[in-house]
Amino acid sequence: MSQAASWEVGEAVVAALAAGGVERLFFVSGSDILALQEAVAKRTAAALPTPSLITVLHEAPALNAALGDAMVSGKPAALAVHVDVGLLNAGAALHTARRNGHPIVLLAGSPATAPYGSMRGALDHPIFSLQEPRDLRDVLRGYVKWSWRLALQDDPVAVVARALQIASSAPAGPVLVTLPREVVMASRAQVPLDAVRRAGIATPTRPDAEALDRLADALVRAERPYLVTGASGRDPRTVEPLAELAELAGAWITDSEWRERLNVPSRHAMLDTGPPLRDADVVVAIERAVPWVAGSPAAPNEAATIAWLAQDPIAADVAAHGFAGDLRIACDPYAGISALLEAVRARQSATDRARATARLERGAARRRELDQELETAAEAVSTRRPIEPRLVAHALGALLDDEAILLDESVSSGPLVRAYHRGSRPGSFYAQSGSAGGWGSGAALGAKLAAPDRDVVLVSGDGFYGFGVPAAALWTAQRQRAPYLSVVLVNGRYSTGTRSADAAYPQGWTAKAGYPGGVFEPPPDFAAEARAAGAFGVRVDDPAELRGALQLGLEQQRAGSPAVVAVVVA
Ligand SMILES: Cc1ncc(C[n+]2csc(CCOP(=O)(O)OP(=O)(O)O)c2C)c(N)n1
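Presented here is an overview of the structure given in this document. This structure is a prediction, so every number in the text was calculated from the model and none was measured.

1. Thoughts on the site of the ligand
Turning to step 1, where the next piece is worked out: Taken together, the neighbourhood of the ligand is formed by 15 residues, with Ser 412, Ser 435, Asp 462, Gly 463 and Ser 495 sitting nearest.
Turning to step 2, where the next piece is worked out: Taking Gly 437, its main chain carries an N or O atom lying 3.0 Å from a nitrogen atom of the ligand.
Turning to step 3, where the next piece is worked out: A distance of 3.0 Å separates an oxygen atom of the ligand from a polar atom in the backbone of Arg 493.
Turning to step 4, where the next piece is worked out: Relative to its unbound accessible area of 580 Å², the ligand is 76% covered by the protein chains.
Turning to step 5, where the next piece is worked out: Residues of the shell around the ligand, tallied by class, amount to four nonpolar, nine polar and two charged.

2. Observations concerning the sheet that holds strand 5 (residues 104-110)
Turning to step 1, where the next piece is worked out: Overall, parallel pairing links the six strands, which are arranged 3-2-4-5-7-6 in an open sheet. The open sheet is flanked by strand 3 (52-55) and strand 6 (146-149), the only strands paired with a single partner. Strand-to-strand twist across the sheet, computed as the mean angle between neighbouring axes with direction ignored, equals 20°.
Turning to step 2, where the next piece is worked out: Note: strand 2 (residues 24-27) against strand 4 (residues 77-81), three bridges, orientation parallel. Note that in strand 4 the partner of Leu 25 across the bridge is Ala 78.
Turning to step 3, where the next piece is worked out: Of the strands in this sheet, strand 2, strand 4 and strand 5 are in contact with helix 3 (residues 59-73), which crosses strand 4 at around 170°.

3. Here we look at the packing of helix 14 (residues 389-399) against helix 22 (residues 543-558)
Turning to step 1, where the next piece is worked out: In the contact formed by helix 14 and helix 22, the axes pass within 10 Å of each other and the chain directions differ by 40°. Here helix 14 is positioned oblique relative to helix 22, judged by the angle of their axes. In this structure, helix 14 meets helix 22 at a crossing whose hand is right-handed. Residues Leu 391, Val 392, His 394, Ala 395, Leu 396, Ala 398 and Leu 399 of helix 14 touch helix 22, and the partners they reach there are Pro 543, Leu 546, Arg 547, Leu 550, Gln 551 and Leu 554.
Turning to step 2, where the next piece is worked out: Grouping the constituent residues of the contact of helix 14 with helix 22 by class yields 10 nonpolar, two polar and one charged.

4. Looking at the packing of aromatic side chains
Turning to step 1, where the next piece is worked out: Tallied over the full model, the rule gives eight aromatic pairs.
Turning to step 2, where the next piece is worked out: Plain terms: the ring middles of Trp 292 and Trp 308 are 6.3 Å apart, the flat faces sit at 45° to each other, and that makes the pair tilted. Of this pair, Trp 292 sits in the loop between strand 11 (282-286) and strand 12 (305-310) while Trp 308 sits in strand 12; the two residues are 16 residues apart in sequence, bridging distant segments of the chain. Judged on exposure class, the residue Trp 292 and its partner Trp 308 are both buried.
Turning to step 3, where the next piece is worked out: With a centroid separation of 5.7 Å and an interplanar angle of 40°, the aromatic rings of Phe 464 and Phe 467 are classed as tilted. You can see Phe 464 and its partner Phe 467 sitting in helix 17 (residues 462-467), three residues apart, about one turn around the helix.
Turning to step 4, where the next piece is worked out: Judged by its relative accessible area of 23%, Phe 464 falls in the partly exposed class.
Turning to step 5, where the next piece is worked out: Take Phe 467: its relative accessible area is 43%, and that puts it in the partly exposed class.
Turning to step 6, where the next piece is worked out: Connected via pairs of aromatic rings, a cluster forms that spans Phe 464, Phe 467, Tyr 494 and Phe 520.
Turning to step 7, where the next piece is worked out: One Lys or Arg, Arg 259, reaches over the ring of Phe 429 and ends 5.8 Å from the middle of that ring.

5. Some points on helix 5 (residues 92-100)
Turning to step 1, where the next piece is worked out: Turning to helix 5, its buried residues are Ala 93, Leu 94, Thr 96, Ala 97, Arg 98 and Asn 100.
Turning to step 2, where the next piece is worked out: Next to the buried residues of helix 5 lie helix 3, helix 4 (83-90), strand 5 and strand 7 (174-180).
Turning to step 3, where the next piece is worked out: Residue Gly 101 follows helix 5 closely and has a positive phi angle near 65°.

6. Looking at the environment of Arg 385
Turning to step 1, where the next piece is worked out: As for its placement among the helices and strands, Arg 385 is situated in the loop between helix 13 (350-380) and helix 14.
Turning to step 2, where the next piece is worked out: Taking relative accessible area as the criterion, Arg 385 reaches 53% and is therefore assigned exposed.
Turning to step 3, where the next piece is worked out: A C-alpha to C-alpha distance of 61 Å links Arg 385 and Asp 124, two positions 261 residues apart in sequence.
Turning to step 4, where the next piece is worked out: If near-sequence neighbours (up to four positions away) are discounted, Arg 385 is found in contact with Asp 541, Asp 542 and Pro 543.
Turning to step 5, where the next piece is worked out: Within the structure, the side chain of Arg 385 is placed 3.3 Å from the backbone oxygen of Asp 541, a separation counted as a polar contact.

7. Some remarks on the nonpolar core
Note on soluble globular proteins: their nonpolar side chains tend to be buried together.
Turning to step 1, where the next piece is worked out: Judged by nonpolar contacts, the single largest core of 53 residues is most densely connected at Phe 26, Leu 63, Ile 104, Leu 106, Leu 407, Leu 474 and Tyr 484.
Turning to step 2, where the next piece is worked out: With eight residues, the top contributor of residues to this core is helix 3.
Turning to step 3, where the next piece is worked out: In this structure, this core is formed jointly by two domains, domain 1 (6-197) and domain 3 (381-568), each of which donates at least three residues.
Turning to step 4, where the next piece is worked out: Counting residues in each nonpolar core, the second largest holds 46 residues, with Ile 253, Ala 280, Ala 285 and Trp 308 among its members.

8. With respect to the sheet that holds strand 13 (residues 327-330)
Turning to step 1, where the next piece is worked out: An order of 10-9-11-12-13 is seen for the five strands of this open sheet, with the pairing classed as parallel. Unpaired on one side and paired on the other, strand 10 (252-254) and strand 13 mark the two borders of the sheet. Neighbour-to-neighbour, the strand axes of the sheet open up by a mean angle of 20°, direction not taken into account.
Turning to step 2, where the next piece is worked out: Where strand 9 (residues 225-229) meets strand 11, five bridges bridge the pair, whose relative direction is parallel. Its bridge partner being in strand 11, Val 228 is matched across the sheet by Ala 285.

9. Details of the pairing of strand 3
Turning to step 1, where the next piece is worked out: Note that strand 2 and strand 3 share four bridges and pair parallel. Following the sheet pairing, Arg 24 is matched in strand 3 by Ser 52.
Turning to step 2, where the next piece is worked out: For the crossover from strand 2 across helix 2 (residues 34-45) to strand 3, the handedness is right-handed.

10. Brief notes about the pairing of strand 6
Turning to step 1, where the next piece is worked out: Pairing of strand 6 with strand 7, which is carried by four bridges, proceeds in the parallel orientation. Across the sheet, the residue bridging to Trp 148 is Val 177, located in strand 7.
Turning to step 2, where the next piece is worked out: Read from strand 6 through helix 7 (residues 156-168) to strand 7, the crossover connection turns out right-handed.

11. Quick word on helix 1 (residues 9-19)
Turning to step 1, where the next piece is worked out: Taking burial as the measure, the 11 residues of helix 1 include 10 buried ones, the bulk of the element.
Turning to step 2, where the next piece is worked out: Val 9, Gly 10, Glu 11, Ala 12, Val 13, Val 14, Ala 15, Ala 16, Leu 17 and Ala 18 are the residues of helix 1 that are buried.
Turning to step 3, where the next piece is worked out: Downstream of helix 1 by one or two residues, Gly 21 has phi in the positive range, about 90°.

Rules behind the numbers
- Every residue gets a number counted from 1 within its own chain, in the order that chain's sequence is written.
- A pLDDT threshold of at least 70 governs which residues receive local features in this predicted model, and a stricter bar of 80 or more applies before side-chain atom pairs are shown or counted, although totals over entire chains, interfaces and linings include all residues.
- Note: side-chain values were computed over all heavy atoms of the structure, leaving out hydrogens and water.
- We call a residue near a molecule or strand as soon as one heavy atom of that residue lies within 4 Å of the molecule or strand.
- Here a polar contact means two N or O atoms within 3.5 Å. Within protein one must be a hydrogen donor candidate and the other an acceptor candidate, and residues neighboring in sequence count only if both atoms are side-chain atoms.
- Shrake-Rupley sampling with a 1.4 Å probe provides the accessible areas, and residues are treated as covered by the protein chains on show and by no other component.
- Note on residue classes: Ala, Val, Leu, Ile, Met, Phe, Trp, Tyr, Cys and Pro are nonpolar, Asp, Glu, Lys and Arg are charged, and everything else, Gly too, is polar.
- Strands were regarded as paired on the criterion that DSSP finds at least two bridges between them.
- In DSSP terms, a helix is any run of H or I states spanning at least four residues, a strand is any run of E spanning at least two, and both are numbered starting from the N terminus.
- Each axis is a line fitted through C-alpha atoms, and for a helix only the stretch in contact is used; angles between axes span 0 to 180 degrees, taken between their N-to-C directions.
- Residue contacts are defined here by distance: any two heavy atoms, one from each residue, within 4.5 Å place the two residues in contact.
- By definition in this entry, angles of less than 35 degrees are roughly parallel, angles greater than 145 are roughly antiparallel, angles of 65 to 115 are roughly perpendicular, and the rest are oblique.
- Handedness of each helix crossing follows the sense of rotation of the near helix against the far helix: counterclockwise by less than a right angle gives left-handed, clockwise gives right-handed.
- Under the pairing criterion, centres of Phe, Tyr and Trp rings, with the six-membered ring standing for Trp, must be within 6.5 Å; the plane angle then separates stacked pairs below 30 degrees from edge-to-face pairs above 60, leaving the rest tilted.
- For the exposure calls, accessible area comes from a 1.4 Å probe over protein chains only, and a residue counts as buried if that area is under 20% of its type's maximum, exposed if over 50%, partly exposed in between.
- Here, a charge over a ring is recorded when the distance from Lys NZ or Arg CZ to the ring centre is within 6 Å and its angle to the ring normal is within 35 degrees.
- Buried Ala, Val, Leu, Ile, Met, Phe, Trp, Tyr and Cys residues form a nonpolar core when they are joined through side-chain atoms within 4.5 Å.
- Start and end points for every domain follow an automatic or database-based domain assignment.
- Think of it like this: strands point away, you trace from the first strand over the helix to the second, and a clockwise trace means the crossover is right-handed.

Pasting the structure below:
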């Protein structure tokens with residue numbers, strides 16, 4: 001009788017990830033994840049299914065790249081890092097992973113504890129004893145949906161199957177598996193990968209019919225209905241029915257405070273063309289955990305009917321919430337929006353329809369006016385020096401075609417970037433749903449790996465750009481032929497430490513002292529940094545050269561080189 005073939009547990013993990021559709025394993029080196037590195041190399045050599053290993057020079061852009069990959073591909077992505085230090089280096093990207101809701105499998109090596117010489121992979125260096133304060137999983141409590149410490153007696157394929165199932169089932173999010181070194185280096189009989197294929201992901205939930213009918217009744221009767229969203233466009237199929245719902249119901253839409261995705265075409269007639277949200281009589285918050293600040297002037301008024309339509313309509317993941325909700329409809333957003341559209345259609349009378357159409361016409365007229373105002377305002381600053389962020393936003397809007405992917409991390413210039421964006425295609429605009437600055441460079445890299453044929457453009461404030469360890473991402477972009485264009489708005493300051501300081505301490509000591517802590521003058525030369533990382537880099541301070549520089553950056557990208565255009569702005 002022939003003996004069953006064996007493989008290392010690390011190889012079982014890698015094979016199971018591949019079986020689960022993970023195409024890329026973002027990787028930052030460590031002595032306890034060698035088994036994964038070895039397994040990928042071995043399986044690549046043998047032409048066996050394996051994620052490709054993407055070396056990134058820092059864990060923060062590595063995790064952000066995994067997020068960018070999952071965000072654009074819609075498939076799970078994985079990241080392997082070294083023990084506690086690797087996870088801690090991933091840092092704020094863990095926050096983004098939690099808030100952006102992508103299916104991510106985090107793998108962290110865990111130091112050996114087996115006594116020296118007792119088994120393969122056992123303790124052989126003093127450092128191992130220092131690399132796991134208590135249980136590594138404690139570090140990430142609050143940031144992952146689920147975690148597991150792989151043990152010798154576990155079936156590694158079943159553990160990966162469970163990890164992928166939990167990460168991918170709605171609401172999707174990160175999971176963590178810690179991998180003790182002796183465990184991943186242990187030999188096991190090979191097992192089939194059926195557990196991964198058959199684990200299954202939860203099917204989308206349909207909205208409760210009665211609750212949906214009540215909401216449709218309210219929407220049809222409403223005089224000033226509002227749809228507030230942010231991340232419904234995570235499912236690209238929602239864009240069309242959401243736009244149609246707004247048109248049919250004559251409902252105003254806003255996502256301007258937190259547009260994580262393109263939720264409706266960015267020049268839609270009902271998008272940000274309506275009265276203040278405060279005046280709404282019926283509000284539907286769609287896939288948006290925190291749609292306004294309760295009690296503030298930007299919130300709906302007390303008398304408004306408020307409905308929540310989301311995978312998690314109570315936002316259980318937000319510790320303190322406290323928003324009113326007359327209806328909380330748990331559903332897959334695509335199922336919910338589509339059902340609401342049909343329910344509104346079914347009960348609109350001719351008079352209801354006419355009232356809705358009148359609002360739609362008002363929206364369309366306001367949109368034309370706004371577009372004209374935006375052009376006039378851009379024209380008015382077209383020769384100003386230093387360059388106005390508005391001019392950059394305008395130039396970007398004009399430069400990008402509908403196939404392009406725009407990633408926005410431009411903080412105080414965000415409203416301008418969104419206003420001038422002309423994208424209408426689902427998946428043409430991305431931002432993050434959290435607050436962890438530094439997402440952009442890694443996310444752009446991951447996006448480009450997932451969509452190699454599309455232009456990928458990041459627009460970022462210089463502060464957040466610096467947080468993202470851009471050189472580490474640019475290096476990988478260069479090596480992997482995954483080029484993206486970064487447009488950095490260089491003003492040498494954090495709006496938090498300057499504008500916010502002014503708001504909190506008008507004419508305060510900070511202002512008098514010239515904003516120490518808020519200003520970094522002179523700012524780093526981000527173009528030179530890009531060149532040092534092997535990318536194209538150019539600095540622009542003349543408005544007449546702006547368009548040409550952006551065009552050149554785009555061409556560099558198309559020719560295969562990552563590019564950075566650092567624009568010195570007012
Ligand atoms: C990792 C991280 N550190 C600090 C902050 C706090 N913060 C919020 S906005 C901001 C300023 C961002 O500056 P910049 O990117 O230059 O954009 P600007 O404010 O100048 O528009 C900072 C520091 C954060 N959100 N994330």
